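So you can see what is in the structure, the chains are spelled out below.
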Amino acid sequence: MAGLRLYVGSLPYAAQKMEIEQLFADVDLSIKRVDISIDPFTGRNPGYCFVDFYTIDDAERALESLHGKRVRGRPIKINYNTERRRDSTRPRLPTKIHERAGRFHEMPGLNVNSNPYVFDRWARADEASARWIAPMEECRRLYVGGLPQIRHQDSLNAEMRVLFQSRPIEAVSKTISPSDAKRNHPGSHYYCFVDLSSEAEARSAIAALDGHPNPYGGQYKVKLAMPSKAKPTKVMREQMLSVGFNLAEELSKSEATPRRNSAGNWRRPD
């Protein structure tokens, strides 16, 4: 029932599920569920979430009493706008791929809802914490460079699915901007990270796709993500704690486990 769900927007990116729950507890409102997406690569939320209530009266009281309340010092917005995903039955518009100097070209819209293996940040939000370290330690997180600025996540997911073909993708990060110095060089220098199901799949993808021509007049750059990226950010650490993830325990496990370096040799503890 539409009246039982509210949209909570203008959230700080570092806001955690327990902070949203506390927001409603502070005004003695009982909630059924907080539906919040946590990015498995950064630990950030998208700036909004959804809250389900047991009764319409509680939802209406929340609407009246919480608009403008602060989370981490930022005033929130709250309303009945609960649309989260596009209607998959409607045709997708062409995707605008933005390039340097304001130029862009269009790619056909792809239906990204028909492939369940791309990471669903909403349905699997509570699993995000387990993903921040494991793919890097298991040598199955890939850097994919040579991209233009692809603004919409659905479009990037579809692009990666076409590139990796039948290889099982577990997660795709957002498009990441290059440094200012790199951006001034000719070509497309945006990039993303892609998690595959195993190290064998990742190494097979590197062999097949690194240097492969892309539709933008350049080449894809595909390689293992640098191990230094495995160190969790402050936001990641906070999110891990909020879902009961034992960061110290996981890090101690990873330090005790022999790892492969980028040359494929075992690196053992001294």
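Keep in mind it's a predicted model, so treat the numbers as computed, not measured. Per-chain numbering applies: the sequence of each chain, read as written, is numbered from 1 onward. Under the rules for a predicted model, residues below a pLDDT of 70 receive no local features and side-chain atom pairs below 80 are neither given nor counted, while totals for whole chains, interfaces and linings still include all residues. Remark: hydrogens and water are excluded; side-chain values derive from all non-hydrogen atoms of the structure.

Undergrad: Break down the overall build of the protein chain for me, with residues and values.
TA: The secondary structure listing takes helices from DSSP runs of H or I that are at least 4 residues long and strands from runs of E that are at least 2 residues long, numbered from the N terminus. A tally of regular secondary structure across the protein chain gives nine helices and 14 strands. Classification of residues uses two cut-offs on accessible area relative to the type maximum, computed with a 1.4 Å probe and protein chains only: under 20% is buried, over 50% is exposed, and between them is partly exposed. Looking at the 270 residues of the protein chain, the share that counts as buried comes to 41%. Residue contacts follow a heavy-atom distance rule, with two residues in contact if any of their heavy atoms lie within 4.5 Å. At a minimum sequence separation of 6, the contacts of the protein chain that also span at least 24 residues come to 69%.

Undergrad: Could you give an account of the confidence of the model for the protein chain, with specific residues and numbers?
TA: Per residue, pLDDT captures the predictor's confidence, and it can take any value from 0 to 100. Here the protein chain averages 76 in pLDDT, and 64% of its residues register 70 or above. Ranking the helices and strands of the protein chain by mean pLDDT puts helix H7 (residues 199–209) first, with 97, and strand S14 (residues 266–267) last, with 32. For the stretch residues 86–90, pLDDT sits under 50, and the model shows six contacts to residues farther than four places along the chain or on other chains. Low pLDDT, under 50, characterises residues 112–117; the predicted model gives this stretch twelve contacts beyond four residues in sequence or across chains.

Undergrad: Got a sec to walk through the packing of aromatic side chains? Specific residues and values, please.
TA: Within 6.5 Å between ring centres, the rings of Phe, Tyr and Trp (the latter by its six-membered ring) count as paired, and their orientation is classed by plane angle as stacked under 30 degrees, edge-to-face over 60, tilted in between. Tallying each qualifying case throughout the model produces seven aromatic pairs. A ring pair is formed by Tyr191 and Phe193, whose centres lie 5.9 Å apart and whose planes are at 85°; its orientation type is edge-to-face. Phe193 sits in the buried class, given a relative accessible area of 10%. An aromatic cluster is built from Tyr7, Tyr48 and Phe50, whose rings are joined through pairwise contacts. Across from the ring centre of Tyr143, 5.0 Å away, lies the NZ or CZ of Lys223, which sits over that ring. Geometrically, a lysine NZ or arginine CZ counts as sitting over a ring once it is within 6 Å of the ring centre and also within 35 degrees of the ring normal.

Undergrad: Explain unusual backbone geometry to me, using residue names and the numbers behind them.
TA: Phi at Arg72 takes a positive value of approximately 55°, unusual for a residue other than glycine. Secondary-structure assignment places Arg72 in the loop between strand S4 (70–71) and strand S5 (74–75). We note that Cys139 has phi near 55°; this positive angle belongs to a residue other than glycine. Its place among the elements puts Cys139 in the loop between helix H4 (134–137) and strand S9 (141–147).

Undergrad: Report on H7, specifying residues and quantitative values.
TA: Think of an α-helix as 3.6 residues a turn; residues three or four steps apart then line up on the same face. Buried residues of H7: Ala202, Ala205 and Leu209, and no others. When H7 is viewed along its axis, its buried side chains cluster within an angular range of 65° and face the same direction. In H7, the exposed positions angled more than 90 degrees off the buried face are occupied by Ala200 and Ala207. Just past H7, the residue Gly211 takes up positive phi, approximately 85°. Note that the arc is defined by the directions from the helix axis to the C-beta atoms.

Undergrad: Which residues make up the pattern of salt bridges, and what values do they have?
TA: Counted as salt bridges are all cases of a side-chain nitrogen of Lys or Arg within 4 Å of a carboxyl oxygen of Asp or Glu. Counted under the stated rule, the structure contains eight salt bridges. A salt bridge links Asp52 to Arg5, with the shortest nitrogen-to-oxygen separation between them at 2.7 Å. Here Asp52 is found in strand S3 (residues 48–53), whereas its partner Arg5 is found in strand S1 (residues 5–9), with 47 residues between them in sequence. Of the two residues, Asp52 and Arg5, neither departs from the other in class, the shared state being buried. Measuring nitrogen to oxygen at the nearest pair gives 2.7 Å for the salt bridge that ties Asp195 to Arg141. Within this pair, whereas Asp195 is found in strand S11 (residues 190–196), its partner Arg141 is found in strand S9, the two being separated by 54 residues in sequence.

Undergrad: Go over the nonpolar core with me, naming the residues and quoting the values.
TA: Within the largest apolar cluster, 22 residues are counted, with the highest numbers of intra-cluster contacts made by Leu142, Val144, Met160, Phe164, Val194 and Leu196. Contributing elements (two or more residues each) for this core: S9, helix H5 (153–164), strand S10 (169–172), S11, H7 and strand S12 (221–224). Beyond its immediate sequence surroundings of up to four residues, Leu196 is in contact with Arg140, Leu142, Phe164, Arg167, Pro168, Ile169, Glu170, Glu201, Ala202 and Ala205. For the purposes of this section, nonpolar cores are sets of buried Ala, Val, Leu, Ile, Met, Phe, Trp, Tyr and Cys residues that join through side-chain atoms within 4.5 Å.

Undergrad: Can you lay out the sheet that holds S11 for me, pointing to particular residues and giving the numbers?
TA: A pair of strands counts as paired when DSSP detects no fewer than two bridges linking them. Across the sheet, which stays open at both edges, the four strands sit in the order S10-S11-S9-S12 with antiparallel pairing between neighbours. Since the sheet does not close on itself, it has two edges, and those belong to S10 and S12, each with one partner. With strand direction ignored, the average angle separating the axes of adjacent strands in the sheet is 25°. Bridge count for S9 against S11 is five bridges, and the pairing is antiparallel. Each bridged residue has a counterpart across the sheet, and for Leu142 the counterpart in S11 is Val194. To get an axis, a line is fitted to the C-alpha atoms, and for a helix only the part in contact is used. The angle between two axes follows their N-to-C directions and goes from 0 to 180 degrees. Sheet strands in contact with H5 are S9, S10 and S11, and its direction is about 140° off that of S10. In the packing of H7 onto the sheet, contacts are made with S9, S11 and S12, and the angle to S12 comes to roughly 150°.

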